[in-house]
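Descriptive structure summary
Listed below, chain by chain, are the residues.
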Amino acid sequence: MSLHSRTLLGIVALGALAACSTETTPTAVPGPTASLSASGTGQAMKALHARVCPGANAGAARCHAWVEVTPDGRPTGGGTPRGYTPADLAAAYKLTSGGAGQTVAIVDAYDDPNAEKDLGVYRAQFGLAACTTANGCFRKVNQTGGTSYPRGNGSWAEEISLDLDMVSAICPSCHILLVEASSASFANLSAAVDEAAKLGATEISNSYGGSEYSTETADQSHYNHPGIAITVSSGDNGYGVEFPAASQYVTAVGGTTLTRNTSTRGFTETAWSGAGSGCSAYISKPSWQSDAGCARRTVADVSAIADPNTGVAVYDTYSGGAGWMVFGGTSVASPIVAGVYALSGNASSVNYGSYSYSHLSSFFDVTSGSNGSCGGTYLCTGSVGFDGPTGNGTPNGPSGF
C-alpha cells in the first residue's frame, strides 16, 4: 500500500472500531495523555495509528495489523527501534529458551521481496542468531511450495515483517517457513495453510480474517491438521467474530494492552478494545469449550499483546523504506502464541485449541477491559476466568501450550 492510499484509509480511534471503516479524519487514540509524540520502550504510547491492510471484500481476508503513523499517514519509522523488544516480551510472558527442531510457518498474502533481508536486521539488532536461507533456518515459498512468488504488496509486506519478527522474538531457535498466498482470498490463503502443513510445519500462524459466511463450516477443513498447532488472530474491529478464528480446529488468539509497571510481574494487562471476540454464527462448539453464554464456537481461546499504544518494534523496508516501526493488532498476538507453542514443543499432542483449557494455571488471567457492547457479558469484557477478548489469558511461561 502506498503512503497516500494509507492516508485515504484513515486513522481511527481504536476505541470506536468499525468493520472495514474508511474514516478520513485523523484523530488521536483516546486516553488521558493522548499525544502525537510517543517515546520509550514499552510505555503507554498514545499516538495515531492506521490499519495496515484495507477492508476485504466477500470471500477475502485482510491482515489484522495496525501501525503507528504521523498525522499525514506516514509510518513513524526511523533508525532506532521503539516499542517492545524480544527481551521485553520474554519478561512479560515468563518465557524460556527452546524450540529447537520446531518449524513455525507464517501464512500471508502476496510477496515481501525484502522479507529475509529485513528479518536479518531485526535479529541482528537484538542479538538473535542469523536465520537465513543459506543456513537452513529460513525458507520462503509460494502457496504450492515453489519459488515463483506472487506480486509484491506493501501492506502485506508489513504484515509479513511483523509476523517474522514476532516468531523470532519468541522462539529465536525455531526455523521459519514463510508461505505466500497468491492473493488475500480465503481460497488462496487456505491453500497456503495446507502447503505449510505439507512442508512439515509444527506450528502455523495466520494473522488475517474476514466476515463469517455460511460455507465456512466446510472451508475450515483446510485448518484441520492434527498434530500441528494452528493459531489465528481474532480480529481488530472489536466485538464480533471473524473467520478463520471461528474454526473449531484452531487456537483463536485475542489481544491485550500490555503495560509495564512496578508490580511483581513487571507488567499488567487489560483486554484490548480492538480484539475480536464473540459467538460464531455457524461453527459448532468444540467439546473442549464449556462456557454457557454461547451455543456455538466462542472466540477467543488465549491472547497476547495487541494494542498498538503499547506496541512492538518491527523492521520493514519494502513498504516505503520506513525502517523501524511500531505495530499492534492481533496480528502481533498470533505469531507470539505460535512461537510459545514452539517453545513448549508440544504441538504433536495438542488437540486443536483445547490445551489451554486444561492448563489454566499457566496463564495470566486478564480481568478487565472491554472491546465493545455485548450487554456487559464475558463475551466482550475481561472477566475472572474465561472471556471473549482474552480467552483463558496470556502466557505465563510455555507450559500452557
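Keep in mind the model is a prediction, meaning the values are calculated, not measured.

A word on the state of the cysteines
- Evaluated as defined, the whole model comprises five disulfides.
- Across the disulfide from Cys 53 sits Cys 63; the S-S distance is 2.0 Å. The sign of the 105° torsion about the S-S bond sets the Cys 53-Cys 63 disulfide as right-handed. One end of the pair, Cys 53, is in the loop between β1 (48-51) and β2 (62-63); the other, Cys 63, is in strand β2, and 10 residues separate them in sequence. Accessibility classification places Cys 53 together with Cys 63 in one group, the buried group.
- Bridging Cys 374 to Cys 380, the disulfide has an S-S length of 2.1 Å. Where Cys 374 bonds to Cys 380 through sulfur, the torsion about that S-S bond is close to -85°, and the disulfide is left-handed.
- Given the relative accessible area of 14%, Cys 374 is considered buried.
- Sequence-ordered numbering of the disulfide-bonded cysteines in the protein gives the connectivity 1-2, 3-4, 5-6, 7-8, 9-10.

Digging into the sheet that holds β2
- Taking strand neighbours across the sheet as the criterion, the three strands line up as β2-β8-β10 in an open arrangement whose pairing is antiparallel. Edge strands, defined here as strands with exactly one partner in the open sheet, are β2 and β10 (242-243).
- Here strand β8 (residues 208-211) pairs with β10 via two bridges, running antiparallel. When the bridges of β10 are listed, Gly 210 appears paired with Phe 243.

Conventions adopted
- Residues numbered from 1 in each chain as written.
- Predicted model: local features only at pLDDT ≥ 70, side-chain atom pairs only at ≥ 80, totals over all residues.
- Heavy atoms only, no water.
- Disulfide = S-S within 2.5 Å.
- Helix = DSSP H or I, 4+ residues; strand = E, 2+ residues; numbered from the N terminus.
- Buried < 20%, exposed > 50% of the residue type's maximum accessible area, 1.4 Å probe, protein only.
- Pairing = 2+ DSSP bridges.

Distances and angles like these do not, on their own, reveal function.
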